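Coordinate analysis (summary)
Okay, here's what each chain looks like letter by letter:
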Amino acid sequence: MDLDSIECVSTSDGMDEDEIQQHHTLYTHPRQNSDFSSAKPRNVSNINNNIAGPTVIAPTTSVHELLECPVCTNSMYPPIHQCHNGHTLCSTCKTRVHNRCPTCRQELGDIRCLALEKVAESLELPCKYHSLGCPEIFPYYSKLKHEAVCNFRPYNCPYAGSDCSVVGDIPFLVAHLRDDHKVDMHTGCTFNHRYVKSNPREVENATWMLTVFHCFGQYFCLHFEAFQLGMAPVYMAFLRFMGDENEARNYSYSLEVGANGRKLIWEGTPRSVRDSHRKVRDSHDGLIIQRNMALFFSGGDRKELKLRVTGRIWKEQQNPDAGVCIPNLCS
Ligand SMILES: [Zn+2]
Ligand SMILES: [Zn+2]
Ligand SMILES: [Zn+2]
Ligand SMILES: [Zn+2]
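Calculation notes
Residues numbered from 1 in each chain as written. Chains lettered and ligands numbered in written order. Predicted model: local features only at pLDDT ≥ 70, side-chain atom pairs only at ≥ 80, totals over all residues. Helix = DSSP H or I, 4+ residues; strand = E, 2+ residues; numbered from the N terminus. Buried ≥ 20, exposed ≤ 12 C-beta atoms within 10 Å, placed from the backbone. Contact = placed C-beta atoms within 7 Å. UniProt positions renumbered as here; feature names shortened; annotations may be inferred. Core = buried A, V, L, I, M, F, W, Y, C linked by C-beta atoms within 7 Å. Pairing = 2+ DSSP bridges. Axes fitted to C-alpha atoms, helices over the stretch in contact; angles between N-to-C directions. Arc of directions from axis to C-beta. pLDDT = per-residue confidence, 0-100.

A few words on the overall build of the chain. When helices and strands are counted, the chain shows 11 helices and 17 strands. Here the chain holds 331 residues, and 27% of them are scored as buried. Considering only intrachain contacts with a sequence separation of at least 6, the fraction spanning at least 24 residues in the chain is 52%.

Right under this line is the structure:
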């Protein structure tokens, strides 16, 4: 990722800094300035000072600014509303303002701004993750749909223990897991892990562990946790791929746990970290060990849980049936 491109605010048309900050979402693509926006500098305060006066739209005002709701500053999508004086606002804000135009305080009524909706229809805009590498350009109305599934959209932190709100690309999240969550990092495609828990009866306070593996130039999250499956306390281990679903399918992994001549083996495809930790867990897409079996594998006096989980990650040959369904036993 080109870090410089994150700050891809173009100042070539002479906008001052205040204006850039107020409208930063509108100036994320250099094309906008030449193709869609006004070529001349415009003073934002004109519009703000215009509040109670007649609506004069300066000819240099860009269409993008017109499509920004003056109340919440989000992009407006149909139905776009306007008051009798022509002040526009988005449908979400309309429901919140108790029939008073937030700009001129006049009664709002129920007037659609069809002209602006039509103008929006004719626009094409870059994906909002353009600065993260997405090259796509979309008609105004299908942009949101794409952005919800854009491959360049940032990932959520895959850490399961808390509601961490950090988002970013994979290298950023790997560093975040290591530095902020103190997650164990391992290099290599085989592993041999021992999970020890002194009081295995306490399944309710779900214990969990996360280890990150680095192999094939990719990162994988190995989750291990205890939870209640219906009435039965179980342990579960599964792998998530730090990347998108279509890439995750290029890999497989196996997990093995056993002792005393018994062995449980799980073989599967890692899920993408796009799928939440909880979603993977609830679909039972991993190695599940009943507590009694886990204690049996632990040996000794069953007072302590000592599980040795070995595993391997490998790269699959190109998979022809790439559209295969993901199991979801709960749905
Ligand atoms: Zn709004
Ligand atoms: Zn008004
Ligand atoms: Zn995109
Ligand atoms: Zn985090």
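Right, let's talk about the UniProt feature "domain: RING-type" (unreviewed entry) in the chain for a bit. With numbering matched to this structure, UniProt assigns "domain: RING-type" (unreviewed entry) to residues 69-105. Helix makes up 16% of residues 69-105 and strand 11%, whereas the separation of the span's terminal C-alpha atoms amounts to 16 Å.

Further remarks concern the nonpolar core. Phe220, Ala237 and Leu287 are the most contacted members of the largest nonpolar core, which has 37 residues in total. Within the residue set of this core, elements represented by two or more residues are helix H8 (170-179), strand E10 (208-215), strand E11 (218-229), strand E12 (232-241), strand E13 (251-259), strand E16 (287-290), helix H11 (291-298) and strand E17 (305-315). Those residues in contact with Ala237, other than ones at most four positions away along the chain, are Leu222, His223, Phe224, Leu255, Gly286, Leu287 and Val309. Membership of the second largest hydrophobic core comes to 10 residues, among which are Met76, Ile80, Leu125 and Tyr140.

Right, let's get into the sheet that holds strand E14 (residues 262-268). Across the sheet, which stays open at both edges, the 4 strands sit in the order E9-E17-E13-E14 with antiparallel pairing between neighbours. Each edge of the open sheet carries a strand with a single partner, namely strand E9 (190-197) and E14. Sheet twist, expressed as the mean angle between neighbouring strand axes with direction ignored, is 20°. Sheet analysis places E13 next to E14, joined by 7 bridges and oriented antiparallel. Bridging from a neighbouring strand, Val257 pairs with Leu264 of E14.

Right, let's get into H11. Those residues of H11 not exposed but buried are Ala294, Leu295, Phe297 and Ser298. All buried residues of H11 project into a common sector of 160° when viewed along the axis, lining one side. Summarising the contacts, the buried residues of H11 are in contact with E12, E13, E16 and E17. In the stretch just after H11, Gly299 is the one whose phi turns positive, near 70°.

With that settled, consider the environment of Asn192. By the element assignment, Asn192 lies in strand E9. Judged by the 9 C-beta atoms lying within 10 Å of it, Asn192 is exposed. Separated by 120 residues in sequence, Asn192 and Arg312 have C-alpha atoms that sit 9.0 Å apart. Not counting the four nearest positions on each side in its chain, Asn192 is found in contact with Arg308 and Thr310.

Along E12, 7 of the 10 residues are buried, which leaves the element largely enclosed by surrounding structure. Pairing geometry for E11 and E12, over 10 bridges, is antiparallel. Along E12, the bridge assignment pairs Phe224 with Ala237. Counting the residues in the hairpin turn of E11 and E12 gives 2 residues, including Gly230, whose phi is positive at 65°.

This part covers the sheet that holds strand E3 (residues 111-112). Across the sheet, which stays open at both edges, the 3 strands sit in the order E2-E1-E3 with antiparallel pairing between neighbours. Looking at which strands have only one partner, the edges of the open sheet turn out to be strand E2 (88-89) and E3. Relative to E2, strand E1 (residues 81-82) runs antiparallel, the two being bridged by 2 bridges. If you follow His81 over to E2, its bridge partner there is Leu89.

We now examine the confidence of the model for the chain. Low-pLDDT portions of the prediction should not be read for the details of their coordinates. Considering every residue of the chain, the mean pLDDT works out to 78; 74% of them sit at 70 or more. Contacts from residues 1-59, a stretch scored under 50 in pLDDT, to residues over four places away or in other chains number 61 contacts.

Here we take up unusual backbone geometry. Cis geometry marks the peptide bond from Pro78 to Pro79; its omega dihedral reads -5°. Here Pro79 shows up in the loop between helix H4 (63-66) and E1. Residue Arg105 is not a glycine yet carries a positive backbone phi of 70°. With respect to the secondary-structure elements, Arg105 resides in the loop between helix H5 (91-96) and E3. C-beta crowding within 10 Å serves as the criterion here: with 12 such atoms nearby, Arg105 is assigned to the exposed category.

To continue, consider the environment of Trp208. Among the structural elements, Trp208 can be located in strand E10. Accessibility expressed as a C-beta count within 10 Å gives 15 for Trp208, which makes it partly exposed. In this structure the C-alpha to C-alpha distance between Trp208 and Tyr235, which are 27 residues apart in sequence, comes to 9.3 Å.

This part is about the environment of His176. Relative to the assigned elements, His176 resides in helix H8. Residue classification places His176 among the partly exposed residues on the basis of 18 C-beta atoms within 10 Å. Residues His176 and Val166, spaced 10 residues apart in sequence, show a C-alpha to C-alpha distance of 8.5 Å. Those residues within four positions of His176 in sequence are excluded, and the remaining contacts are Cys157, Val166 and Gly168.

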